[in-house]
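# Inside the fold
The chain contents come next:
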2 protein chains.
Amino acid sequence: MNELSPSQDVSAFRFRITVAYDGTAYAGWQVQPATMTVQQRIEEALKSLTGETVKVHGSGRTDQGVHAAGQVAHFDLLSDWIPGNLTKGLNALLPQDIRVFQARRVKPDFHARRSAIKKEYRYFIWNAPVMDPIRRFYATSVYKPLNVKAMKAAARVLVGRHDFAAFTANPNRVVESTVRDVYSLSVRRTGNLIIIRASSEGFLYKMVRSLAGLLLRVGEGAVTLDEVSEILASKIRTARVPTAPPEGLFLWRVWY
Amino acid sequence: MNELSPSQDVSAFRFRITVAYDGTAYAGWQVQPATMTVQQRIEEALKSLTGETVKVHGSGRTDQGVHAAGQVAHFDLLSDWIPGNLTKGLNALLPQDIRVFQARRVKPDFHARRSAIKKEYRYFIWNAPVMDPIRRFYATSVYKPLNVKAMKAAARVLVGRHDFAAFTANPNRVVESTVRDVYSLSVRRTGNLIIIRASSEGFLYKMVRSLAGLLLRVGEGAVTLDEVSEILASKIRTARVPTAPPEGLFLWRVWY
């Protein structure tokens, strides 16, 4: 039997939204029982606005406490909407920590996760003896001066097409391949702020926070450049690669 | 009778601290009954740390919801402290939304308010159709595009030595003079962010938010450059000068 998915239902309209959120108050993006998630908030707002029970599909999950400047999601509605009205209506119903920047009507074969060709994450580190209080939920605090030059050198080792098995926490999932092409990985200091930017065709589970975690260890002088190469080549996740805290991480942009 | 104030007590040690805070959760700087203030939090932390009941004197008040990047305060202790230990001890006891950046031992005639020779405030505006969720407590949201060129021109009218009576809300206070020398007042756009910087020998009560409020009206096209001159010359506070919302305002730096 060849069932029609909602996306193939000619009476449905598919929309794509770009969403920014402060992840501090949420158990991540994806709907989970007994906790509040960003996806759930958006589904509730869509239900209130349209009267329809809608499943929202994100470009990927973000973990608890992780933020987004440009998460992308799609969903199908049985009724048609002028995209600008969808943006206004959703923002009127959503809490202030979730904002819809843009809504567009897209073709029924658009898929927020599967159609993505590139993703960028940014990881923010506040590197000063005392944390800036207004950044406390939006950057990771590192008191001791980090060696940014060493972090840049390590980033150059990690960029490119590699098996990133040593950089994923993968407790309950089966992934076909842990090979990923990291298009860019850069480290830049601006005053007390250090920003790591990572772009790829796609990242493994907790991969960006693992890359940031190792770069932090390098910046602290605890891991050498040779050890970075070794760890990458080992393809085994060990305690040498910590997962950097979630508050520094932003899903920055998704390309289609 | 000539009573000794604590500052004249030779057995007391005077300290100066530089403090940053996220004002979102506080009823401003100054201790008030039945609400929580930044000053009160610091006095509580000093009491826990030193065992002494200490009165903390700020360089000036900040209103409810207003932030500080560099508020300065002084206080006297009967026991001596290595300034770095005071910083560490206070930060260990204070909540994460208040951070002490620096502590210094100062001469007994140093006074956080009276010794200040210059203050800088910054006012942040997020000027885009949709608010950035992570800036929602740290910038004022203005949806419609503001005319920054007109705001710059208005700022040039307001800078300098003037009677700023039209720019203060002064319900229960008697002030000797409402003449102030505004050393600089600038408006700059960086992407969606517009930053107003104001420096002066000292500002009247709600003066910075009143200047920002009028500049916002100018940016919206609701007040002309001629009207700005008129309002300044009128020396009367009217509804033409709104008080801009507190969340955009930061006490940035105090000079001694």
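Residues numbered from 1 in each chain as written. Chains lettered and ligands numbered in written order. Predicted model: local features only at pLDDT ≥ 70, side-chain atom pairs only at ≥ 80, totals over all residues. Heavy atoms only, no water.

## Focus: the relation of the copies chain B and chain A
The line we're drawing: Here the copies were fitted onto each other by least squares, based on C-alpha atoms from residues at pLDDT of at least 70 in both. Here, residues are in contact when the closest pair of their heavy atoms is within 4.5 Å.
Superposition of chain B onto chain A requires a rotation of 180 degrees combined with a translation of 0.0 Å along the rotation axis, giving an RMSD of 0.0 Å. Both copies are brought into coincidence by an operation consistent with a two-fold rotation axis. The overlap is high: 100% of the interface residues of chain B also sit at the interface in chain A, so the same surface is used on both sides.

## Considerations on the interface of chain B and chain A
Quick note on the threshold: Accessible-area loss on putting two parts together, using a 1.4 Å probe and summing over both, is the definition of buried area adopted here. Should a side-chain nitrogen of Lys or Arg be within 4 Å of a carboxyl oxygen of Asp or Glu, the pair is scored as a salt bridge. Strands here mean DSSP runs of E at least two residues long; helices mean DSSP runs of H or I at least four residues long; both are numbered from the N terminus.
Facing 18 residues of chain B, the contacting portion of chain A comprises 18 residues. Interface of chain B and chain A: buried area, both sides summed, is about 1,500 Å²; carbon and sulfur atoms make up 74% of it. Where chain B meets chain A, there are two salt bridges. When the shortest N-O distance is used, the salt bridge between arginine 136 of chain B and aspartate 22 of chain A registers 2.8 Å. Taken together, the elements giving at least two residues each to the side of chain B that touches chain A come down to β1 (13-21) and β4 (98-106) of chain B. Looking at the side of chain B that touches chain A element by element, the count peaks at four residues for β4 of chain B.

## Focus on the layout of surface pockets
Rules: Using protein atoms alone on a 1 Å grid, points that fit a 1.4 Å probe yet trap it form a cavity, whereas open point sets bounded by protein on both sides within 12 Å along at least five of seven lines form a pocket; residues with an atom within 4 Å of a point count as lining. Grid points are joined across faces, edges and corners, and a volume is the space filled by probe spheres set on the points. Put simply, Ala, Val, Leu, Ile, Met, Phe, Trp, Tyr, Cys and Pro go in the nonpolar bin, Asp, Glu, Lys and Arg in the charged bin, and everything else, Gly too, in the polar bin.
For the largest pocket, the calculated volume is near 1,500 Å³. Around the largest pocket, the lining comprises 46 residues; the ones closest to its centre are Arg135 and Leu193 of chain A together with Ile134, Arg135 and Leu193 of chain B. The residue makeup of the lining of the largest pocket, split by class, is 30 nonpolar, six polar and ten charged.

## Remarks on the pattern of salt bridges
All names here are of chain B. Cut-off, in case you're wondering: Each residue is assigned to one of three classes by its accessible area relative to the maximum for its type, calculated with a 1.4 Å probe on protein chains only: buried under 20%, partly exposed between the two thresholds, exposed over 50%.
The full count for this structure, using the stated rule, is 20 salt bridges over all chains. In this structure, arginine 217 and glutamate 220 form a salt bridge, with 3.3 Å as the shortest nitrogen-oxygen distance. Given a relative accessible area of 33%, arginine 217 falls into the partly exposed group. With relative accessibility at 45%, the residue glutamate 220 sits in the partly exposed group.

## What to know about the packing of helix α3 (residues 148-158) of chain B against helix α5 (residues 225-234) of chain B
All names here are of chain B. Rule in force here: Angles run from 0 to 180 degrees between N-to-C directions of axes, and those axes are lines fitted to C-alpha atoms, restricted for helices to the stretch in contact. The cut-offs work like this: below 35 degrees is roughly parallel, past 145 is roughly antiparallel, 65 to 115 is roughly perpendicular, and the gaps in between are oblique. In this scheme the crossing of two helices becomes right-handed for a clockwise turn of the near helix relative to the far one and left-handed for an anticlockwise turn of less than a right angle.
Interhelical geometry of α3 versus α5 gives an angle of 25 degrees and a closest axis separation of 10 Å. Here α5 runs roughly parallel to α3, going by the angle between their axes. In terms of crossing hand, the pair formed by α3 and α5 is right-handed. Between α3 and α5, the contacting residues are Ala153, Ala154, Val157 and Leu158 on the first element and Leu225, Val228, Ser229 and Leu232 on the second. Here the residues of the contact of α3 with α5 are counted per class, giving seven nonpolar, one polar and no charged.

## Overview of the nonpolar core
Put simply, the rule is: As used in this record, nonpolar core signifies buried Ala, Val, Leu, Ile, Met, Phe, Trp, Tyr and Cys residues forming a set joined through side-chain atoms within 4.5 Å. Note that the domain bounds were set by an automatic or database domain assignment.
By size, the foremost hydrophobic cluster in this structure holds 67 residues, and its most contacted members are Ile42, Phe75, Leu86, Ile125, Phe167, Ile196 and Leu215 of chain A. The element contributing the most residues to this core is helix α4 (residues 207-219) of chain A, with eight residues. Of the domains in this structure, domain 1 (6-106) and domain 2 (118-255) of chain A are the two that each give at least three residues to this core. Residues contacting isoleucine 42 of chain A, with those up to four places away along its chain left out, are Ile17, Val19, Trp29, Val56, Leu94 and Ile98 of chain A. In terms of nonpolar packing, the next biggest core, distinct from the first, is built from 66 residues, Leu94, Val100, Ala155 and Val241 of chain B among them.

## Thoughts on the packing of aromatic side chains
Residues and elements named next belong to chain A. Keep this limit in mind: Two rings from Phe, Tyr or Trp (for Trp, the six-membered ring) form a pair when their centres are within 6.5 Å of each other. A pair whose planes differ by under 30 degrees is stacked, one over 60 is edge-to-face, and the rest are tilted. Look at NZ for Lys and CZ for Arg. If either is within 6 Å of the ring centre and within 35 degrees of the ring normal, a charge sits over the ring.
By the definition in use, this model includes 18 aromatic pairs over all chains. Centroid distance phenylalanine 137 to tyrosine 138: 6.3 Å. Interplanar angle 80 degrees. Geometry classified as edge-to-face. Through a chain of ring-to-ring contacts, the aromatic side chains of Phe124, Phe250 and Trp252 assemble into a single cluster. Between the NZ or CZ atom of lysine 118 and the centre of the ring of tryptophan 255, over which it lies, the distance is 4.3 Å.

## Some remarks on the pairing of strand β8 (residues 179-190) of chain B
All names here are of chain B. Our working rule: At least two bridges found by DSSP between two strands are what make those strands a pair.
Pairing of strand β7 (residues 160-163) with β8 involves four bridges; the strand directions are antiparallel. Residue pairing across strands places aspartate 163 opposite valine 179, the latter belonging to β8. Strand direction decides the pairing type here: β8 and strand β9 (residues 193-200), joined by eight bridges, are antiparallel. Each residue of the ladder has a partner; that of arginine 188, found in β9, is isoleucine 195. The hairpin turn running from β8 into β9, its antiparallel successor, is two residues long, and glycine 191 in that turn takes a positive phi close to 65 degrees.

## A few points about the domain arrangement of chain A
All names here are of chain A. Our working rule: In protein, a polar contact means a hydrogen-donor-capable atom and an acceptor-capable atom, both N or O and within 3.5 Å, with residues adjacent in sequence counting only if both atoms are side-chain atoms; elsewhere, any N or O pair within 3.5 Å suffices.
We note that the domain assignment places domain 1 (6-106) and domain 2 (118-255) within chain A. Measuring from the centre of the C-alpha atoms in domain 1 to the corresponding centre in domain 2 gives 28 Å. If you look at the interface, domain 1 gives 16 residues, while domain 2 gives 16 residues. It is Asp63, Val66 and His67 that lose the most area in domain 1 upon contact with domain 2, and together they represent 38% of the buried surface on that side. Here domain 1 and domain 2 share one salt bridge between them. Run the count over domain 1 and domain 2 and you get ten residue pairs in polar contact (both at pLDDT 80 or more). The residue makeup of the side of domain 1 that touches domain 2, split by class, is four nonpolar, nine polar and three charged.

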